[in-house]
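# Fold and geometry: a report
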Amino acid sequence: QGLDSHIVIVGCGISGLGAAMRLVQHGFHKVRIVEATGRAGGRIKTTLWGGKFVEIGANWIHGPCQENPVFRLACDYHLLDEKSMTEENQSIDVEGHPPFVPNWFTSSGQKVSVGMTEPASMLYMKLLQESQEFSVEDQEVLPTSSVGEFIKCKAKQALDEEQVDKTTKDLKQAVINTLLKAECCVSGTHSMDDVCLRAFGMYKTLPGLDCTFPGGYEGLIRCMAQDLPKDIVSYNKPVKCIHWNCTDQNSSSSEKRLPVLVECEDGEKIPADHVILTVSLGFLKRNHKTLLNPEIPPHKVQSIQNLGFGTNNKIFLEFEEPFWDPDCEIIFFLWEDEPELTDVVSNLDIFWMKKLFGFTVMTPAERYGHVLCGWIAGHESEHMETLSQVELECTITRLIRRFTGNPTITPKRVLRSQWYHDPYTYGSYTYIAKGCSGQDIDNLVEPLPLKGSQSKPLQVLFGGEATNRSFFSTVHGALLAGWREAERLISHYAPSTFPEACSS
Ligand code: 6YU
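Since this is a predicted model, take the numbers as computed values, not measurements. (Residues numbered from 1 in each chain as written. Predicted model: local features only at pLDDT ≥ 70, side-chain atom pairs only at ≥ 80, totals over all residues. Heavy atoms only, no water.)

### Section: the sheet that holds strand S10 (residues 269–272)
By way of backbone hydrogen bonds, the strands of a sheet pair with one another, either parallel or antiparallel. Condition: Strand pairing follows a simple DSSP-based rule, namely that at least 2 bridges must link the two strands. In this text, helices come from DSSP runs of H or I with a minimum length of four residues, and strands from runs of E with a minimum of two, each type numbered from the N-terminal end. Only heavy atoms enter the contact rule, under which two residues are in contact if any of them lie within 4.5 Å. Fitting a line to C-alpha atoms yields each axis, with helices limited to the stretch in contact; the angle taken between N-to-C directions then spans 0 to 180 degrees.
Taking strand neighbours across the sheet as the criterion, the 4 strands line up as S10-S9-S8-S12 in an open arrangement whose pairing is mixed. The open sheet is flanked by S10 and strand S12 (292–293), the only strands paired with a single partner. Seen against the sheet, helix H10 (residues 281–291) touches strand S8 (239–243) and S12 and runs at an angle of roughly 50° to S8.

Shown next, in the form of structure tokens:
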């Protein structure tokens, strides 16, 4: 009888697709995915740019090892290159920070040797490591409430204690500022001062040296979609409101028996026994008041508001010739005029570009040519999205000329992502904001109606990247969250077969 349940999945990102695959594999045959846009993948988005595949959204499989379900799927679908699949690659453990070979450039147009930047980089990495070691369970009073304050406070102490000249000290401070801005991109936050110190260790890294998809991340989405029954996804169908605990007077008699009615923007109302909601936390923050009727209970709303959802964008640049070393994998820009330890800029309109910490080099060059991927997080990134293409190109060109000291260098092509202004995402990914804890994620996950209610259970379930306690902000976190909610329904209807409902 359970297999006849009508299940609507809202959102065709990897979480929604993963939930659908799991349900269909277990015999549920009335599963439908409703997607607001005209494509599958959500924040996995590959585009062809000048004849090359570039990733507008997710870039890497973070921690490609057997424990990572995205890696396993990608291997099964033969989407990775040989090197990424080797035992050796899977066993390298870099704890989330791949050891990219760097080139450092300063705002006065100098290239600085790695030897000169290394002491500050090592101090920074040591402090970052320390900031991950506070335990969520530990009740001790923390030195600061945020990761940013902790790193800046400790770094300042270390720099003050050192007997070095002002130039050396300023260079070290500039290195730490650049690495803090890079960390804003990793965490998807405006400032590391907004990221909770107590919960920073909650995010778990997996072994394996991060790898990419030679044919684009979206190839994974295409393979997953092909494994689903035809026409299971309805595209260009934004959901307006999910009516739950529902006794809609206007519905026909057959619809009346179902407790949920999914109202779409185009007027269609889809009756359902269960809905799995996989929209981004950014979308929920903006729309939670109207997306569910009755409204989401106050403690869940509080957690939606408290958890962080920030912006991280990319700016791709293509050059005729590289200005970086042949072995360079990452380029860092050092601003020499910042008077203090900081990861934010003072005037967005004028100085937004100071937040761009640098570029990763797209490798191998035989595949990409000479392409860099710039990274910029926070409100500065949101501001960058509003600029015209011409203004963006002019500013970026000036920036590159200044840092390389080459007054004629010009990128051939510039392409950016604009995740904050995407009306079905509103940002990039989740972070655990100051004052938050894993409890906020647990609150978000809690299905509706809440436990103890007399109504039909499991009417609205919550998936998506933001609902994964250990792997929020990632593709594998999103996939596991989709599977978790599918398994919640499977075990609801066949408790003896699936005693463990929530495994992630
Ligand atoms: C990863 C990576 N990566 C870069 C950038 C971004 C992200 N991530 P989706 O949003 O995909 O799907 C929801 C769907 O719902 C969508 O299709 C909507 O259109 C639809 N929808 C919305 N409203 C609707 C409505 N009303 N009706 C119907 N449909 C509706 N992850 O593993 N590797 O390299 C990166 C990166 C620029 C933007 C990433 C990366 C994040 C993933 O992309 C993201 O989590 C998943 O794709 C989300 O899938 P989903 O299905 O949940 O939602 C210590 C500590 C620090 C913690 N962080 C460290 C990890 C670092 C994270 N790495 C990120 C870095 C990059 C570069």
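### With respect to the environment of Ala365
Tracing the backbone shows Ala365 in helix H13 (residues 365–368). Through-space distance from the C-alpha of Ala365 to that of Pro326 is 9.5 Å; in sequence the pair is 39 residues apart.

### With respect to the side chain of Lys237
Note the cut-off: In this scheme, a residue with accessible area under 20% of its type's maximum is buried, one over 50% is exposed, and one in between is partly exposed, where area comes from a 1.4 Å probe on protein chains only. We define a polar contact as two N or O atoms separated by no more than 3.5 Å, with the added condition that, inside protein, one atom must be a possible hydrogen donor and the other a possible acceptor, whereas residues neighbouring each other in sequence contribute only through side-chain atom pairs.
Here Lys237 shows up in the loop between strand S7 (233–234) and S8. Take Lys237: its relative accessible area is 8%, and that puts it in the buried class. Of the polar contacts made by the side chain of Lys237, one reaches the side chain of Asp266; its length is 2.5 Å.

### A closer look at the site of the ligand
Quick note on the threshold: One heavy atom within 4 Å of a molecule or strand makes the whole residue count as near it. Per-residue and other accessible areas were derived by the Shrake-Rupley procedure at a 1.4 Å probe size, with only the shown protein chains allowed to occlude residues. Any residue that is not Ala, Val, Leu, Ile, Met, Phe, Trp, Tyr, Cys, Pro, Asp, Glu, Lys or Arg is counted as polar, Gly included; the first ten are nonpolar and the last four charged.
Surrounding the ligand, one finds 42 residues, the nearest of these being Glu35, Arg43, Trp60, Val239 and Val475. Measuring from an oxygen atom of the ligand, one finds a backbone N or O atom of Ile14 at 3.3 Å. A distance of 2.8 Å separates an oxygen atom of the ligand from a polar side-chain atom of Arg43. Alone, the ligand offers 1300 Å² of accessible surface; in the complex the protein occludes 97% of this. Within the shell around the ligand, the residues separate by chemical class into 23 nonpolar, 16 polar and 3 charged.

### A word on the packing of aromatic side chains
Just so we agree on the cut-off: Side-chain rings of Phe, Tyr and Trp, where Trp is taken by its six-membered ring, are said to pair if the distance between their centres is within 6.5 Å; with planes under 30 degrees apart they count as stacked, over 60 as edge-to-face, and otherwise as tilted. Here, over-ring charges are defined by two tests on the NZ atom of lysine or the CZ atom of arginine: distance to the ring centre within 6 Å, and angle to the ring normal within 35 degrees.
Counting across every chain of the model gives 18 aromatic pairs. Measuring from centroid to centroid gives 5.7 Å for Trp60 and Trp375, while their planes differ by 15°, and the two rings are stacked. Taken together, the positions of Trp60 in the loop between strand S4 (52–55) and helix H2 (69–76) and Trp375 in strand S17 (residues 370–377) put the pair 315 residues apart, joining distant regions of the chain. Seen in terms of ring centroids, Phe134 and Phe150 are 5.5 Å apart; in terms of plane orientation they differ by 85°. Their pairing is edge-to-face. Taken together, the residues Phe134 in the loop between helix H5 (114–131) and helix H6 (147–161) and Phe150 in helix H6 connect sequence positions 16 residues apart. In this pair, the class of Phe134 matches that of Phe150, namely buried. An aromatic cluster is defined as three or more aromatic residues linked by ring pairs; in this entry it consists of Phe105, Phe319, Phe323, Trp324, Phe333, Trp335, Phe359 and Phe403. Looking at Lys300, its charged tip hangs above the ring of Phe462, at a distance of 3.8 Å from the centre.

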